Amino acid sequence: MRVLIVHAHPEPRSFNAAMTARAVDTFGRLGHDVTVSDLYAMGFDPVSDRRNFRAQADPAYLKMQNEELQAAREGGFVPELQAEMDRLLACDLLILQFPIWWLSVPAILKGWIDRVFACGVAYGGGRYFDGGVLRGKRAMCALTVGGPPSAYAERGVYAEVESILYPIHHGTFAFTGFTVLEPFVVYGPSRLTQAEREGELDRYAAHLAVLERARIVGARPLDRSL
């Protein structure tokens, strides 16, 4: 299996970094091929505009989908962006590794999605949801949140984590055809002892080792008559 982990945390010694390292080790021990896109280490540019392209379909007016379609047809994406697209298309499993910030993903990760999931590459031409370009592949989020589980519950201060992740699960993963796997969440790692943090990393490794048993997050029924 080819695994792509897109890692989005600026601190190399963070718990998110430890999760990515444990995932690389676990998949490696299982004989899988793992690639990591460490966005901060790469200095990935999250801004999606004309800098995505080596040439322009319409220099007078920027319509991103038109520019993306032409670039997809003609190999016109800039090399650093094309490399990430190639990684996405080659993987069997995509893992987004990140902390929840302001009930969303870090801007650098949102920018990676904006730029890499381009029209003509990850979707387009009626290819979406059950007919999506990336059907047959699996995707999941592995993440940390700052508070305890009680804060991310039905009666908590925030919504349940899967509700927070709906834009990614449905609007990105499912839309492009991925089979969406349940997220792996670590609650408040900074509040844990070192032994508890090690326990969470062990729990993550055990989860990844039997990923075929992971719950599938169901997509909404698709009515193509709309």
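Thresholds, definitions, all that
Residues numbered from 1 in each chain as written. Predicted model: local features only at pLDDT ≥ 70, side-chain atom pairs only at ≥ 80, totals over all residues. Heavy atoms only, no water. Helix = DSSP H or I, 4+ residues; strand = E, 2+ residues; numbered from the N terminus. Rg over C-alpha atoms; globule rule 2.2 N^0.38 Å. Buried < 20%, exposed > 50% of the residue type's maximum accessible area, 1.4 Å probe, protein only. Contact = heavy atoms within 4.5 Å. Areas by Shrake-Rupley, 256 points an atom, 1.4 Å probe, with all protein chains shown as cover. Salt bridge = Lys/Arg side-chain N within 4 Å of Asp/Glu carboxyl O. Pairing = 2+ DSSP bridges. Right-handed = clockwise from strand over helix to strand, strands pointing away. Polar contact = N/O pair within 3.5 Å; in protein donor to acceptor, adjacent residues only side chain to side chain. Core = buried A, V, L, I, M, F, W, Y, C linked by side-chain atoms within 4.5 Å.

Comments concerning the overall build of the chain
Then step 1. Looking only at helices and strands, the chain features 8 helices and 6 strands.
Then step 2. Shown N-terminal to C-terminal, the secondary structure of the chain runs as helices and strands in the order β-α-β-α-α-α-β-α-β-α-α-β-β-α.
Then step 3. Here the C-alpha atoms of the chain give a radius of gyration of 18 Å, agreeing with the 17 Å that 2.2 N^0.38 yields for 226 residues.
Then step 4. Here the chain, with 226 residues, has 46% of them falling under the buried criterion.
Then step 5. Partitioning the contacts of the chain with sequence separation of at least 6, the portion at a separation of at least 24 is 76%.
Then step 6. Accessible surface, the chain as shown: approximately 11400 Å² in total, 52% of it carbon and sulfur.

Regarding the pattern of salt bridges
Then step 1. Going through the model one piece at a time under the given rule, you end up with 13 salt bridges.
Then step 2. A salt bridge links Arg29 to Asp25, with the nearest nitrogen and oxygen atoms 2.8 Å apart. Within this pair, Arg29 and its partner Asp25 are both found in helix H1 (residues 15-29), separated by 4 residues, close to a single helical turn.
Then step 3. A salt bridge links Arg87 to Glu84, with the nearest nitrogen and oxygen atoms 3.4 Å apart.

Thoughts on the pairing of strand E4 (residues 138-145)
Then step 1. Across the 8 residues of E4, 7 count as buried, placing the element largely inside the fold.
Then step 2. Where strand E3 (residues 93-99) lies against E4, 7 bridges are found, and the strand directions are parallel. Bridging across to E4, Leu94 finds its partner in Ala139.
Then step 3. Since E3 and E4 lie parallel, the crossover through helix H5 (residues 107-116) that links them has a hand, and here it is right-handed.
Then step 4. Pairing geometry for E4 and strand E6 (residues 184-187), over 4 bridges, is parallel.

Digging into the environment of Gly146
Then step 1. Along the polypeptide, Gly146 turns up in the loop between E4 and helix H6 (161-164).
Then step 2. Relative accessible area serves as the criterion here: at 45%, Gly146 is assigned to the partly exposed category.
Then step 3. For the pair Gly146 and Pro183, spaced 37 residues apart in the sequence, the C-alpha separation amounts to 16 Å.

As for the side chain of His9
Then step 1. You can see His9 is positioned in the loop between strand E1 (2-7) and H1.
Then step 2. Since its relative accessible area comes to 17%, His9 is described here as buried.
Then step 3. A polar contact is formed between the side chain of His9 and the backbone nitrogen of Glu11, at a distance of 3.0 Å.
Then step 4. Engagement of the side chain of His9 in a polar contact is seen with the side chain of Ser14, the distance being 3.4 Å.
Then step 5. Excluding anything up to four places from it in sequence, His9 contacts Ser14, Asn16, Tyr40 and Pro99.

Some details on the nonpolar core
Then step 1. Residues Leu94, Leu96, Phe98, Trp112 and Phe117 are the most contacted members of the largest nonpolar core, which totals 45 residues.
Then step 2. Every element with two or more residues in this core is listed here: E1, helix H4 (79-90), E3, H5, E4, H6 and helix H7 (166-174).
Then step 3. What Phe117 contacts, discounting residues up to four positions off in sequence, is Leu88, Leu94, Trp112, Ala122, Tyr123, Leu134, Thr172, Thr176 and Phe178.
Then step 4. The next biggest cluster of nonpolar side chains, apart from the first, holds 18 residues, and it includes Met19, Ala23, Leu201 and Ala214.

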